Structure formats: structure tokens, C-alpha cells
Amino acid sequence: MSRLEVADIFRAHGPAYRRQEHGHLSLGQLKVMSAVEQCRSAQLGGHALRCSACGQAQIAYNSCRNRHCPKCQGSAAQRWLHARCADLLPVDYYHVVFTLPAPLSALSYTNKELMYGLLFDIASDTLRTIAADRKHLGARIGVTLVLHTWGSALTHHPHVHGIVPGGGLALDAERWVPCKRGFFLSVRVLSRLFRRRFLEALLAAHGRGQLRFFGEHAELADPARFAAWLAPLRSIEWVVYAKRPFAGPAAVLAYLSRYTHRVAISNSRLLSFDEHGVTFRYKDYRAKGRTRHKIMTLTAEEFMRRFLLHVLPTGFHRMRHYGLLANPIRQKNIELARTLLSAPPVRADPSAIPASRPTFVCYHCGAPMLIIQILARAQHIRAPPAPST
């Protein structure tokens, strides 16, 4: 019996949902729907194969490679992880989370590019500012941030996960400054600065006319009303969470493999799909112990609506590096940090890199498959044919 997939739900109810929501779905959402529906199907073409050992025949259809597709992220995550192995330092690594309060989560859905960008930039700036303060760490740090826009029940819940080395380069770059054992930076201090800077940036964006307001938020286009709406957010606690340090570099990589290329819901969480709707597992973080793991059933239309909430703007990067780990200067800073830590340079570990394996492997005996025919993808007409001359 084949495992239930998100694609099955979109193939069954996607056409009706497009008609129902005509004019309300963005081009990006429509492209994701099409990619998920066609992934690993005859519409994308593929290869006819024959096993080199047992002679079994097999058809392998092509993947859509869309970053929102649950089936296409595993190999991308592994390639990224192997490329990042050499960047790990022999220090503790910490995990921090910056979350937007619920009112701003609702506003960010209609202002994704601006609000998600602010979440990235202000979270990284907050970490680097407090770390550079001599009262706290007095060092220049590196940060890797990963954007997640979902809660476990597919609700819109924008937050960034940060992976931070436990220390940084002294401001004069002459020594490595470690943080206290088991403690990175004060969460309360980070939260207050993050809150202040984010609200300041929102007011500035409103003044420049960069925010869009619809529905219940339409009245916030007025500057006075918007300032009054933001006022209560200045007195509530914003969630900035810091976890215990990882248990060594291997744990950092294990964490990153789960988070860097994750999508809103994986196929493994789906339980059933029938006339009652889509049933899936989710985690209720307000509960404790075994009661935290629960089951939810949504209609197919509501499931698709929630899934499409998390489609990112075209070209938006959901993983970013800042400070010492910024792409243009990462290699230079990593080498300097290793020198100051008296750590040997990282050499490729053959055992850590999976051996080269065939692209296609026989399901029956594991032997390499031979390509005997390439199946062309379906040709879709995108415009009326040009008149013949």
C-alpha cells in the first residue's frame, strides 16, 4: 500500500479549489499547487529503467524540485549539510528562536517580503548588538537564521531559528572570546531590544508607504490608528527563546538536517484522507508530556488553504548567514577563528560523506539501474499558435 502524500490531496481537490478561490490565489501559490500535483508523475517526464542484475523494469518520473514540495527537500538538505561541515568550530553551539506576536503574524501574511525580511535582519542585528556589548560578551559573532512560518497545525506562525557558535572574535580580532559555560546571552535583554527595534522599523516602513492593509486591518493605513494599534505591543513580552547548547557538532548537523529544508508539513505526518477530510499528527506545545502529541482532521479545502499560507515570495531566501558567517567573509573568519582556538583545519572525512551511489537503484536487489529510454515531459500550450505565413 502506497503512503499518503500531500500531492494526493492536491490532485484530488486542487482543480475544484482553484475554481473556488479564483482571483484569490497568488501566482506563487498556483505554481506551488501545480508543482506538488505534478511531482514524480508522467507530466514531468522521466526515465525507463532496467536493472543491471535482475533485469527488472522500472519507471522513474522526474521531481518538481520546488522548495515547498515535501518530496523534494531531502537530497537538497543533505547536499547543503555536507557543504557546511567545514564551517563548524570546536565550540558549543546555541539555538535561539525569535517569534513575532500574534497581531504581527496576521499583518505579515499580507506583507510577507517586508515582514519576513525585518524578522531576519532585526533578529540578527539584535544578537550581534548585544554580543558586541562588553557588558555581555564583547565579541563579534556569527549567526545562521532559518525562517519557519508555520505552527505544527499549519497555522501562520512566523519565527526564525538561529544557530550561533558559543563565542566570537574579540573586537580587535586578536583572540577568541568564549561565552559562559551553558549560557549564551540574556534572553530578556535580547527580547527587549528585538521588540523595540522591530516596532521602530514598522513605524518607519509605514511612513514610507511600504505596508499594505486589507480587510480588518484596512483602517491601519492611517498613521495615528497604526501607532495606536502598535502601542499595546510595546508592553507585552515578545518570545525570544534560547535552548541548551547542542551536544557537539554532530548534533548541530543533525538539527540542521531537520530544519534547514523543512516544509510546512511532511508526508510522514499524514494519517488518512477520506470523505471526512485530511487527518494528520501535530504537536500542541502548550501541553506537556504524551498529551502534547495530538491528531487533527481538516477538510481538504482548509488543509490546502493552510498549506498555501506558507508559500514564500519568489526569490525570498529562507536561510541567511550574518556576522562572521556572512557569505563573502565566512571562509576568512572561520580560518581566523580556528587559528585563535588552536584547532586543526577540517579535512574531508571519507566516512562522513556518503559513497557515490547510482542515481537509480533497483527496488528488488539494490543493483544499479540502466537508463534504456528518456520519457519527455508533457508539452503544455502557453499561448495561441502563431499564424502560418
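Please refer to the structure higher up on the page.
Notes on the structure follow. Predicted, not measured: the structure shown is a model, and the values here were computed from it.

1. Description of the overall build of the protein
So, point 1. The number of helices and strands found in the protein is 10 helices and 14 strands.
So, point 2. Working note: accessible area of the protein is about 21,400 Å², and carbon and sulfur atoms make up 54% of it.

2. Details of the sheet that holds strand E14 (residues 369-375)
So, point 1. Spatially, 3 strands are ordered E2-E1-E14 in an open sheet, and the strand pairing comes out antiparallel. Looking at the sheet topology across the chains shown, the edges are occupied by strand E2 (57-61) and E14. Adjacent strand axes in the sheet meet at a mean angle of 30° when their direction is disregarded.
So, point 2. Two strands pair when backbone bridges link them, and strand E1 (residues 46-51) and E2 are joined in this way by 5 bridges, in the antiparallel orientation.

3. Focus: the pattern of salt bridges
So, point 1. Per the stated rule, a full pass over the model turns up 12 salt bridges.
So, point 2. Here Glu37 makes a salt bridge to Arg18, at a shortest N to O gap of 2.8 Å. Of this pair, Glu37 sits in helix H2 (residues 27-38) while Arg18 sits in helix H1 (residues 6-20), and the two are 19 residues apart along the sequence.
So, point 3. A relative accessible area of 23% means that Arg18 is categorised as partly exposed.
So, point 4. With a closest N to O distance of 2.8 Å, Arg306 and Glu302 form a salt bridge. Of this pair, Arg306 and Glu302 both sit in helix H9 (residues 300-308), 4 residues apart, which is roughly one turn of that helix.
So, point 5. Here the salt bridges share partners, and the residues they tie into one network are Glu302, Arg305 and Arg306.

4. Concerning the packing of aromatic side chains
So, point 1. Going through the model one piece at a time under the given rule, you end up with 11 aromatic pairs.
So, point 2. Considering the side-chain rings of Tyr94 and Phe184, the 5.6 Å spacing of their centres and the 20° angle between planes classify their relative orientation as stacked. Linking Tyr94 in strand E3 (residues 93-99) with Phe184 in the loop between strand E8 (176-178) and helix H6 (187-207), this pair joins segments that are 90 residues apart in sequence.
So, point 3. Members of the aromatic cluster, connected to one another through ring pairs, are Phe98, Phe194, Phe198 and Trp238.
So, point 4. Over the face of the ring belonging to Phe316 we find Arg320, whose NZ or CZ atom lies 4.6 Å from the ring centre.

5. Description of helix H10 (residues 330-340)
So, point 1. Looking only at H10, the buried set comprises Arg330, Asn333, Ile334, Ala337 and Arg338. The arc that holds every buried residue of H10, seen down its axis, measures 135°, which confines them to one face. Turned more than 90 degrees off the buried face of H10, the exposed positions are Lys332 and Thr339.
So, point 2. Immediately beyond the C-terminal end of H10, within one or two residues, lies Ser342, with a positive phi of roughly 55°.

6. Quick look at the packing of helix H5 (residues 112-132) against H6
So, point 1. Running from amino to carboxyl end, H5 crosses H6 at an angle of 140°, the nearest separation of the two axes being 9 Å. Accordingly, the angle class assigned to the pair H5 and H6 is oblique. Here H5 runs over H6; the crossing is right-handed. Contacts from Leu114, Met115, Leu118, Leu119, Ile122, Ala123, Asp125, Thr126, Leu127, Thr129 and Ile130 of H5 reach H6 at Val189, Leu190, Leu193, Phe194, Arg197, Phe198, Ala201, Leu202 and Ala205.
So, point 2. Classifying every residue of the contact of H5 with H6 by side-chain character gives 16 nonpolar, 2 polar and 2 charged.

7. Brief notes about the sheet that holds E3
In any sheet, the strands associate via hydrogen bonds between backbone groups, in a parallel or an antiparallel arrangement.
So, point 1. Taken together, the 5 strands give an open sheet; going across it, the order is E9-E3-E6-E5-E13, and neighbouring strands pair in antiparallel fashion. At either margin of the open sheet sits one strand with a lone partner, and together these are strand E9 (240-242) and strand E13 (319-323). Geometrically, the sheet is characterised by an average inter-axis angle of 20° between neighbouring strands, direction not taken into account.
So, point 2. Examined bridge by bridge, strand E5 (residues 142-150) and strand E6 (residues 156-165) share 6 bridges and lie antiparallel to one another. Residue pairing in the sheet places Leu145 in a bridge with Gly162 of E6.
So, point 3. Across the sheet, H6 is in contact with E3 and E9; its angle to E9 comes to roughly 150°.

Calculation criteria
Residues numbered from 1 in each chain as written. Predicted model: local features only at pLDDT ≥ 70, side-chain atom pairs only at ≥ 80, totals over all residues. Heavy atoms only, no water. Helix = DSSP H or I, 4+ residues; strand = E, 2+ residues; numbered from the N terminus. Areas by Shrake-Rupley, 256 points an atom, 1.4 Å probe, with all protein chains shown as cover. Pairing = 2+ DSSP bridges. Axes fitted to C-alpha atoms, helices over the stretch in contact; angles between N-to-C directions. Salt bridge = Lys/Arg side-chain N within 4 Å of Asp/Glu carboxyl O. Buried < 20%, exposed > 50% of the residue type's maximum accessible area, 1.4 Å probe, protein only. Phe/Tyr/Trp six-rings, centres within 6.5 Å; stacked < 30°, edge-to-face > 60°. Lys NZ or Arg CZ within 6 Å of the ring centre and 35° of its normal. Arc of directions from axis to C-beta. Parallel < 35°, antiparallel > 145°, perpendicular 65-115°, else oblique. Left-handed = near helix turned anticlockwise from the far one by under 90°. Contact = heavy atoms within 4.5 Å. Nonpolar A, V, L, I, M, F, W, Y, C, P; charged D, E, K, R; others polar.

Everything listed here is a matter of geometry and, on its own, says nothing about what the molecule does.
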